[in-house]
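# Fold and contact review
In case you want the letters, here they are:
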Amino acid sequence: MQYKKPYLTATLAVLLVVAFLATSIISYFISHDSLRDQISEEALPLTSDNIYSEIERDLLRSILISSLMAHDTFVRDWAISEEEKQDPILRYLKEIQNRYDITTAFYISERTHNYYHPSGVIKTISENDPDDQWYFRTKEINEPYEINLDFDTADRGRLSIFINYRVTDYNGNFIGVTGIGLSVDRVAQLIENYQQRYNREIYFINRRGEVTVRGSQYEGADSLQKRDGMSRIATLILANPSASASYQTSSGETVYVNSRLVPELDWYLIVEQAESAADSRVLDALLANIFIALLITALVLMIAWITFRRHQKRLEEMATTDKLTGAANRHVFELIYNHDIPAARRGNNPVTLTCLDIDNFKILNDSYGHQCGDNILRSFTEIVRNHIRASDTLCRWGGDEFVILMNGFDKQKTQQRAEMIREDIENHLFRCDGEYVNVTISVGVAEYQNDDSLTDLFKRADAALYTSKKEGRNRVSTT
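Since we're looking at a predicted model, the values are computed, not measured.

### Details of a nonpolar patch on the surface
A grouping of Phe291, Ile292, Leu295, Ile296, Leu299 and Ile303 is seen on the molecular surface, where their side chains present a nonpolar patch of about 580 Å² in accessible area. The class for Leu295 is partly exposed, based on a relative accessible area of 44%.

This is the structure we're talking about:
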């Protein structure tokens, strides 16, 4: 599959529109008496989902930008050259900040501990400074990045969401941390938009119940325990990653509450709606407003996609695909693996990895030339794609070796699919300079086991591939 964010964003937008409108309209016309349940079980959670989806979309975009920075050859070469001149990196960070409309961009050098910012070198970090502990924590983590909520070093009064991405040299040695920051003010603006759109009280709290981000129309105390009537349900909210409840104010008004934990921020998103605001006339107007707003959103997405599709397509292809075959490259494959595996584990779905290697590819290259080898690789990729689903990921692992990640297929089903691919390749005539060439492949299949890293899973699939080679090639083996 091609991992293209605009398509994913558009798909999610359509799904949210259809789900929200269908749920709201059907619930309203089925029975006005079910309005109370619809608010607490559908409307408020969907509002939470919409806000969380927008936050997650910004985070995924920010992670991709930070990843591109960390793997940029300019950043690596500049750091390896012992930071001879500061102006190039400062201009680079300024360009990133302006191009992607982000709050800040930064690079921290492991060699000098200089904190590079678009405005210059703003400090030298130290292990003794509590404000700098995030850097030394990022240095030691096994993951390529971390998401950190902290005050901006360049503006200590600004709370920001940082993507801290490890930078390594070409030998894998740690040389620094780079990334971008998003101001929490964006989250506050998101709250403002949704409060005006849905006429609901929306705010964030930390794990102690203290209100951290709120809209301008927020009314009440600065913690759940002190808000009128909420002390009874505060423990329920803080003890669960998501909850739906209701409480009564001192004036006797019933208020419905939905909460969900946003793990990236370690905050709870709280959405409230008073029962008095949920009469049929207001709900009818609300549905009309949602429809208009979502229609405008769809039009804006369409116009934006048409305007920027060429630049976006070029950027994504450079960052995520193999130029010759169009298959995913190893970097994006690792990102997809790390994204799909937790989801598969939550859903208890099987995941398999298939290694495919073209038999005697070097002999074909030497006999017919590299142009013929390239044609074989392209045709091979097209044949494989005809046998896999859009949700599967085909990656060129290196040379003539490819891997396929299949979510929802166990080892037996994957073996059957691999056998179909092998037979199709064997029966296909590949054209090389007017001649037809027969090609075969050897295949190894392995199924994900608990706590497998990508390396572990690949080793077992590669071992199965080796078995196929050892037993005469042109076959499928499993482990």
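### Focus on the confidence of the model for the protein chain
Atomic detail in the predicted coordinates should be set aside for any region of low pLDDT. Considering every residue of the protein chain, the mean pLDDT works out to 84; 85% of them sit at 70 or more. When mean pLDDT is compared element by element in the protein chain, strand 17 (residues 441-447) scores highest at 96, while helix 1 (residues 5-30) scores lowest at 58.

### Quick look at the pairing of strand 5 (residues 155-168)
Along any regular strand, the residues point their side chains to alternate faces of the sheet. Sheet topology places strand 4 (residues 145-152) next to strand 5; 8 bridges connect them, and they run antiparallel. Residue pairing in the sheet places Ile147 in a bridge with Ile163 of strand 5. The turn linking strand 4 back onto strand 5 is made up of 2 residues. Relative to strand 6 (residues 174-183), strand 5 runs antiparallel, the two sharing 9 bridges. When the bridges of strand 6 are listed, Arg166 appears paired with Val177.

### What about unusual backbone geometry?
In this structure, Asp101 is a non-glycine residue whose phi angle is positive, near 55°. Looking at where Asp101 falls in the secondary structure, it is placed in the loop between helix 4 (87-99) and strand 1 (104-109). Phi is positive for Asn348, close to 55°, though the residue is something other than glycine. Assignment of secondary structure puts Asn348 in the loop between helix 9 (330-346) and strand 12 (351-358).

Quick notes on the rules
Every chain begins its residue count from 1, and numbering advances along the sequence as written. Only residues with pLDDT of at least 70 are given local features in this predicted model, and only at 80 or more are side-chain atom pairs given and counted; all residues enter the totals for whole chains, interfaces and linings. To obtain the side-chain values, all non-hydrogen atoms of the structure were used and water was disregarded. Candidates for patches are residues over 30% relative accessible area with no salt bridge; among them, like charges are joined within 9 Å and nonpolar side chains (Val, Leu, Ile, Met, Phe, Trp, Tyr) within 5 Å. Surface accessibility follows the Shrake-Rupley procedure with a 1.4 Å probe radius. Residue values consider only the protein chains on display as shielding. For this analysis, a salt bridge means a side-chain nitrogen from Lys or Arg found within 4 Å of a carboxyl oxygen belonging to Asp or Glu. With a 1.4 Å probe rolled over the protein chains alone, any residue whose accessible area is under 20% of its type maximum counts as buried; one over 50% counts as exposed, and the rest are partly exposed. What pLDDT reports is the predictor's confidence in each residue, on a scale of 0 through 100. Numbering goes from the N terminus for both helices and strands, where a helix is a DSSP run of H or I of at least four residues and a strand is a run of E of at least two. The pairing criterion for strands is at least two bridges between them, as found by DSSP.

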